[in-house]
Amino acid sequence: MVESVPLSWRLQRQRYNLIGTRCATCDERFFPPRNFCPSCRRKGKIEPFQFSGRGSVESFTVIRVAPSGFESQTPYAVGIIKLDEGTSISGQIVGDVTRVEMGKRVRPVFRRIREDGKEGVIHYGVKWALEG
Amino acid sequence: MTSLGIVGYGAYVPRFRISVEEIARVWGEDAETIKNGLGVQEKSVPDKDEDTITIAVEAGKNALARAGISPRTVGALYVGSESHPYAVKPSGTVVGEALDLGTDLMVADFEFACKAGTAAMQCCYGLVKAGVIDYGLAIGADTSQGRPGDMLEYTASAGGAAFVIGKDPLAELETTCSYTTDTSDFWRREGADYPSHGARFTGKPAYFHHVTQATQLLLGKLGLKPADFTAAVFHMPNGKFPTAAAAGLGFTPAQLERSLVVRRIGNTYSGSSLLGLTNVLDAAKPGDRILLTSYGSGAGSDAFSFLVTDRIIERRDKAPATEAYIQDKQHIDYGTYVRLRRKLKV
């Protein structure tokens with residue numbers, strides 16, 4: 001199965017640079033980006049916000065039977081990352097899966113997310129690497 | 001005249017390493033003989049989701065951090081590599097977007113075996129000097145492959161370095177020149193998985209001739225001699241070639257020592273001489289003069305002279321040192337290496 005090229009292209013800024021949004025009224029941050037603040041509602045003012053990507057592992061699991069497009073990467077860890085600047089984000093944690101632990105600090109790294117076979121597009125984006 | 005040169009620099013080397021012992025074990029070779037012959041202990045191996053583009057982005061981030069400039073002020077991005085992930089679609093398009101360089105940007109991919117990164121530096125320097133752009137970002141990165149069982153397999157590795165070229169540099173570029181001929185010492189045809197090479201022909205008429213000629217051309221232009229340089233960096237296909245070339249030109253082992261990252265990470269091709277330069281810059285002092293001579297098969301050499309400025313002090317620690325990447329490592333066995341480098345056809 002391949003990922004639609006236009007779909008991937010639309011998500012590029014999020015995937016490459018962690019561009020989410022924040023509400024200027026209450027300072028809540030959103031990723032993936034929301035265009036409406038659920039707390040402030042009509043009084044909310046949404047603007048783009050770039051996350052640094054630094055944070056810690058809130059939870060994770062190890063994928064050993066991967067979906068199409070990810071088979072060559074098993075075993076790999078997928079985690080929920082609690083970002084320092086607020087909100088949590090799910091993503092792949094690179095490297096040796098035996099080293100991944102809850103609470104460990106992570107930093108963003110730019111990697112291949114998936115590739116559509118030998119002739120298709122290569123999709124890139126941010127993953128996370130353990131610090132230290 | 002305003003001083004131009006390297007405003008920021010950045011290195012990146014993948015974490016995995018495979019030792020000469022491990023490769024020699026599989027092929028029934030004597031590891032000590034190979035280590036002594038090549039002057040290489042181990043080489044870097046990219047993870048399964050790393051390629052030239054991801055390496056270029058990581059090195060580029062570090063270069064921009066040291067430069068301390070807005071990414072949007074970069075007017076040109078040139079990525080040099082012999083292992084661009086796409087045959088058609090420039091690596092630079094992805095790298096530029098990932099580094100948030102904006103759309104008012106000249107981009108092209110370069111290919112000139114192991115010297116594509118220094119060729120990118122020369123182009124950025126020309127554009128900045130002409131006043132067309134304020135800053136240019138030149139990157140040399142590779143995930144090179146050696147045919148299983150070939151001597152190249154002991155050295156062909158992965159890594160890259162990036163340089164922001166512009167005004168107010170941490171290392172002023174005094175001048176640069178190149179020496180180019182049609183010499184087929186190493187090549188890879190379209191669609192071929194592995195490169196071919198001319199074995200011993202890659203030495204005297206290829207590497208040594210071009211490196212020596214380019215360096216002498218540069219010394220002549222500047223009216224300098226080897227003793228005028230604090231450090232020298234030459235392309236490192238192995239640990240022996242740069243040492244012999246430096247000695248032949250009249251440079252001392254002490255001038256070369258710090259640049260010889262090849263012993264611990266192998267030949268990172270387009271990143272090779274550039275990672276030698278980043279390692280030298282990590283320890284450079286204001287007033288140091290550094291020689292850089294790359295080599296690309298086919299064949300050509302680019303030579304540069306840099307004069308380190310006071311800016312090195314304030315910018316050096318804004319990104320990880322080259323040594324930090326070299327020391328952060330995890331050894332793998334040959335089986336894992338075969339899987340990571342996709343050498344098994346299934």
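Just so you know, these numbers come straight off a predicted model, no measurement behind them.

Rules used throughout
- Residues numbered from 1 in each chain as written.
- Chains lettered and ligands numbered in written order.
- Predicted model: local features only at pLDDT ≥ 70, side-chain atom pairs only at ≥ 80, totals over all residues.
- Heavy atoms only, no water.
- Contact = heavy atoms within 4.5 Å.
- Buried area = accessible area lost by both parts, 1.4 Å probe.
- Salt bridge = Lys/Arg side-chain N within 4 Å of Asp/Glu carboxyl O.
- Polar contact = N/O pair within 3.5 Å; in protein donor to acceptor, adjacent residues only side chain to side chain.
- Helix = DSSP H or I, 4+ residues; strand = E, 2+ residues; numbered from the N terminus.
- Buried < 20%, exposed > 50% of the residue type's maximum accessible area, 1.4 Å probe, protein only.
- Phe/Tyr/Trp six-rings, centres within 6.5 Å; stacked < 30°, edge-to-face > 60°.
- Lys NZ or Arg CZ within 6 Å of the ring centre and 35° of its normal.
- Pairing = 2+ DSSP bridges.
- Axes fitted to C-alpha atoms, helices over the stretch in contact; angles between N-to-C directions.
- Domains from an automatic or database assignment.
- Core = buried A, V, L, I, M, F, W, Y, C linked by side-chain atoms within 4.5 Å.

Participant: Tell me about the interface of chain B and chain A, and name the residues and values.
Facilitator: Contact residues are listed per partner, giving 22 residues for chain B and 26 residues for chain A. Counting each side, the surface lost to burial between chain B and chain A is near 1,900 Å², with a carbon and sulfur contribution of 41%. Of all residues in chain B, the largest losses of buried area upon contact with chain A belong to D49, Y86 and E97 of chain B, amounting jointly to 27% of the total for that side. Inspection of the region where chain B meets chain A yields seven salt bridges. With its nearest N and O atoms 2.6 Å apart, the salt bridge here joins D51 of chain B to R112 of chain A. In this assembly, chain B and chain A are joined by 12 residue pairs in polar contact (both at pLDDT 80 or more). Listed by contribution, the elements that provide at least two residues to the side of chain B that touches chain A are helix 3 (52-67) and helix 4 (91-98) of chain B.

Participant: Lay out the pattern of salt bridges with the relevant residues and their values.
Facilitator: All chains considered together, the criterion is met by 31 salt bridges over all chains. Here R22 of chain A makes a salt bridge to D27 of chain A, at a shortest N to O gap of 2.8 Å. Of the charged contacts, one joins R114 of chain A and D116 of chain A as a salt bridge, the two residues approaching to 3.5 Å between their closest N and O atoms. In terms of burial, R114 of chain A and D116 of chain A fall into one category: buried. Salt bridges sharing partners connect three or more residues here, namely R111 and K127 of chain A together with D47, D49 and E50 of chain B.

Participant: Give me the lowdown on the packing of aromatic side chains, citing residues and values where you can.
Facilitator: All names here are of chain B. This model, assessed by the stated rule, comprises 17 aromatic pairs over all chains. Centre to centre, the rings of W27 and Y334 are 6.4 Å apart; their planes meet at 85°, and the pair counts as edge-to-face. Of this pair, W27 sits in helix 1 (residues 20-27) while Y334 sits in helix 13 (residues 334-340); the two residues are 307 residues apart in sequence, bridging distant segments of the chain. On the basis of relative accessible area, Y334 is assigned to the buried category, the value being 8%. Three or more aromatic residues joined by ring pairs make a cluster, and in this case those are Y207, F208, F241 and Y295. Stacked on the ring of Y9, the Lys or Arg R66 has its end atom at 4.1 Å from the ring centre. One Lys or Arg, K115, reaches over the ring of F112 and ends 3.9 Å from the middle of that ring.

Participant: An account of the sheet that holds strand 7 (residues 158-167) of chain B is requested, with residue identities and associated values reported.
Facilitator: All names here are of chain B. Taken in spatial order, the nine strands make up an open sheet running 5-4-6-7-1-8-13-12-11, and their pairing is mixed. Two strands in the sheet have a free side with no partner beyond their single neighbour: strand 5 (106-110) and strand 11 (231-234). The sheet shows a mean angle of 20° between the axes of neighbouring strands, taken without regard to direction. Along the sheet, helix 5 (residues 116-129) contacts strand 1 (4-12), strand 4 (74-80), strand 5, strand 6 (135-143), strand 7, strand 8 (171-183), strand 12 (289-293) and strand 13 (298-308); its crossing angle with strand 6, the most-contacted strand, is approximately 175°.

Participant: Before we move on, can you summarise the domain arrangement of chain B with the specific residues and values?
Facilitator: All names here are of chain B. Structurally, chain B comprises domain 1 (4-170 + 317-340) and domain 2 (172-312). Measuring from the centre of the C-alpha atoms in domain 1 to the corresponding centre in domain 2 gives 16 Å. With 59 residues of domain 1 at the contact, the number on the domain 2 side is 55 residues. Counting each side, the surface lost to burial between domain 1 and domain 2 is near 4,400 Å², with a carbon and sulfur contribution of 59%. Ranking the residues of domain 1 by area buried against domain 2 places C114, Q122 and L170 at the top, with a combined share of 15%. Taking the shortest distance from any N to any O, the salt bridge between E323 and R264 comes out at 2.7 Å. Counting across the domain 1 and domain 2 interface gives 29 residue pairs in polar contact (both at pLDDT 80 or more).

Participant: Outline unusual backbone geometry, supporting the account with residue identities and numerical values.
Facilitator: Across the junction of F31 of chain A and P32 of chain A, the peptide omega takes the value 0°, indicating a cis bond. For P32 of chain A, the position within the fold is in the loop between strand 2 (29-30) and strand 3 (46-50). In this structure, the amide linkage connecting T74 of chain A to the following residue, P75 of chain A, adopts the cis form with an omega of -10°. Within the element layout of this structure, P75 of chain A appears in the loop between strand 4 (55-63) and strand 5 (76-83). Phi at R41 of chain A takes a positive value of approximately 50°, unusual for a residue other than glycine. By the element assignment, R41 of chain A lies in the loop between strand 2 and strand 3. By relative accessible area, R41 of chain A is classed as exposed at 53%. The backbone phi angle of A199 of chain B is positive, close to 45°, even though this residue is not glycine.

Participant: Provide a residue-level description of the nonpolar core, including the pertinent values.
Facilitator: All names here are of chain B. In terms of nonpolar packing, the biggest core is built from 113 residues, with I6, L137, F163, F234, L281 and F306 touching the most fellow members. Here this core gathers at least three residues from each of two domains, domain 1 (4-170 + 317-340) and domain 2 (172-312). Apart from the residues lying within four places of it in its own chain, the contact partners of F306 are I6, M121, A171, E172, L173, L277, D288, R289, I290 and L292.

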